[in-house]
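The primary structure of each chain is shown beneath.
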Amino acid sequence: MADVPITTGQSQSLGQTALMPIRLAMSVIDAPLRWVQKTFGLGGMAVFFLMPNMLIFGIFVLLPFFINFAYSMTGGTALFLSDRTFVGADQYARLFDCTNYLNPNTCAEDTFWTAVGNTGWFVVLQVTLMIAVSLITALILNRNLMARSFWRAVFFFPVLLSPVVVGLIWKWILQRQGLLNFGLFSFGLEPHVWLNDRNWAFAATVGVSIWAHMGFYTLIILAGLQAIPKDLYEAAEMDGTRAMRVFTRITLPLLMPNLFVVIVLVLIRAVQIFDEVYVLTGGGPGTSTLFVTQYIYETGFAAQLRNPGLAAAASILMGLVLVVLTLMQLNLSRARDKKGARK
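The rules we used
- Residues numbered from 1 in each chain as written.
- Predicted model: local features only at pLDDT ≥ 70, side-chain atom pairs only at ≥ 80, totals over all residues.
- Heavy atoms only, no water.
- Patch = residues over 30% accessible without salt bridge, like charges linked within 9 Å, V, L, I, M, F, W, Y side chains within 5 Å.
- Areas by Shrake-Rupley, 256 points an atom, 1.4 Å probe, with all protein chains shown as cover.
- Salt bridge = Lys/Arg side-chain N within 4 Å of Asp/Glu carboxyl O.
- Helix = DSSP H or I, 4+ residues; strand = E, 2+ residues; numbered from the N terminus.
- Phe/Tyr/Trp six-rings, centres within 6.5 Å; stacked < 30°, edge-to-face > 60°.
- Buried < 20%, exposed > 50% of the residue type's maximum accessible area, 1.4 Å probe, protein only.
- Contact = heavy atoms within 4.5 Å.
- UniProt positions renumbered as here; feature names shortened; annotations may be inferred.
- Core = buried A, V, L, I, M, F, W, Y, C linked by side-chain atoms within 4.5 Å.
- pLDDT = per-residue confidence, 0-100.

**Brief notes about a nonpolar patch on the surface**
Reasoning step 1: Where nonpolar side chains cluster on the molecular surface, the patch consists of Leu50, Met54, Leu55, Ile56, Phe57, Ile59, Phe60, Val61, Leu62, Phe65 and Phe66 and spans about 1100 Å² of accessible area.
Reasoning step 2: By secondary structure assignment, the location of Leu55 is in helix H1 (residues 8-72).

**Notes on the packing of aromatic side chains**
Reasoning step 1: For the structure shown, the criterion picks out 15 aromatic pairs.
Reasoning step 2: An aromatic cluster of at least three residues, connected via ring pairs, comprises Phe96, Tyr101, Phe112, Trp113 and Tyr295.

**Things to note about the environment of Ile316**
Reasoning step 1: Relative to the elements of secondary structure, Ile316 occurs in helix H12 (residues 308-342).
Reasoning step 2: Assessed through its relative accessible area of 9%, Ile316 is described here as buried.
Reasoning step 3: Residues Ile316 and Tyr92 lie 224 residues apart in sequence; the distance between their C-alpha atoms is 9.7 Å.
Reasoning step 4: Dropping the residues within four chain positions of it, Ile316 is found in contact with Phe65, Asn68, Phe69 and Tyr92.

**Section: the UniProt feature "domain: ABC transmembrane type-1" (unreviewed entry) in the protein**
Reasoning step 1: Taking the numbering used here, the UniProt-annotated feature "domain: ABC transmembrane type-1" (unreviewed entry) corresponds to residues 116-329.
Reasoning step 2: The annotated region residues 116-329 carries 76% helix and 0% strand content, and the separation between its end C-alpha atoms amounts to 21 Å.

**A look at the nonpolar core**
Reasoning step 1: Grouped together as the largest cluster of nonpolar side chains are 50 residues, with contacts concentrated most on Leu95, Ile221 and Tyr295.
Reasoning step 2: Listed by contribution, the elements that provide at least two residues to this core are helix H2 (90-95), helix H3 (110-141), helix H7 (198-227), helix H9 (243-271), helix H11 (292-302) and H12.
Reasoning step 3: Setting aside its immediate chain neighbours within four residues, Leu95 contacts Glu109, Phe112, Trp113, Tyr295, Leu310, Ala313, Ala314 and Leu317.
Reasoning step 4: In this structure, Trp194, Ala204, Val208 and Leu280 belong to the second largest nonpolar core, which totals 10 residues.

**Some remarks on the confidence of the model for the protein**
Reasoning step 1: Residue-level pLDDT values for the protein average 87, and 92% of them are 70 or greater.
Reasoning step 2: Within the protein, H1 has the poorest average pLDDT of any element, 76, and H3 the best, 95.

If you want it as structure tokens, here you go:
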């Protein structure tokens, strides 16, 4: 049977029929939206559309924060808040009960201050190296390389892995019978127990964290590099400007907004480090790779005599530190922008 051609009128009719459910749904939604706009104005419309997001934010962010703060004001080992006793600021006083804050052995909660010291060193090393490595990698990947897209995918691939998978991969490489020791033995070198050495274990946590996350920050910096107008580089090349001067006078200043975002994200991630390190070293050997987040987890859930109130107090303090650091960086960024605007 021959196909019957569909005329333009029939096509329009079919289109109108298909749009009928959409129009019906829009007419149902339109009435309450018009009422909201008429009653509360345009500001009310904005609140109306923000309400679902604010509701989700309140349930999953604000409510847990207030519950956590309530836990920090209680004592005992009971898990449910209704079964715990109110102790006021005793948990905070216990955390700050120290003779010398630089010597954890003089503190009532020495494990907490050991974790604070380890986290501080980790943040300094990891943030510095992460930014440097990501910047260098982005500069290289921004050049006209052979198979450039392939290399970009290679550097980004670890970001797609679960932190637990990352920890297991590197534990398999660095353990006593691991791949690295097998390679050393194959070349006639003496194997080393990497994860049982305090210094090497700490270095491994820094290196693994950089390997796992640098692809994401490299991508942000690479986007900033590609947004810089090529005309500036062509003009600098015509003037015979040295490569280092081009980097310091053109690339780096125009890249600062992206670098600022990277610094904030890297800093927050470094302070909250937990997953891959917990799988890789478990905080050992001893407490050499014990960080604040792991201390909170073990104190609140994994310890034989768990103390949810103490863990909650430690998490509140960590959150306050993150807020202070972020505000400091925001103020520095605003001061830099104002200084640039005056110039």
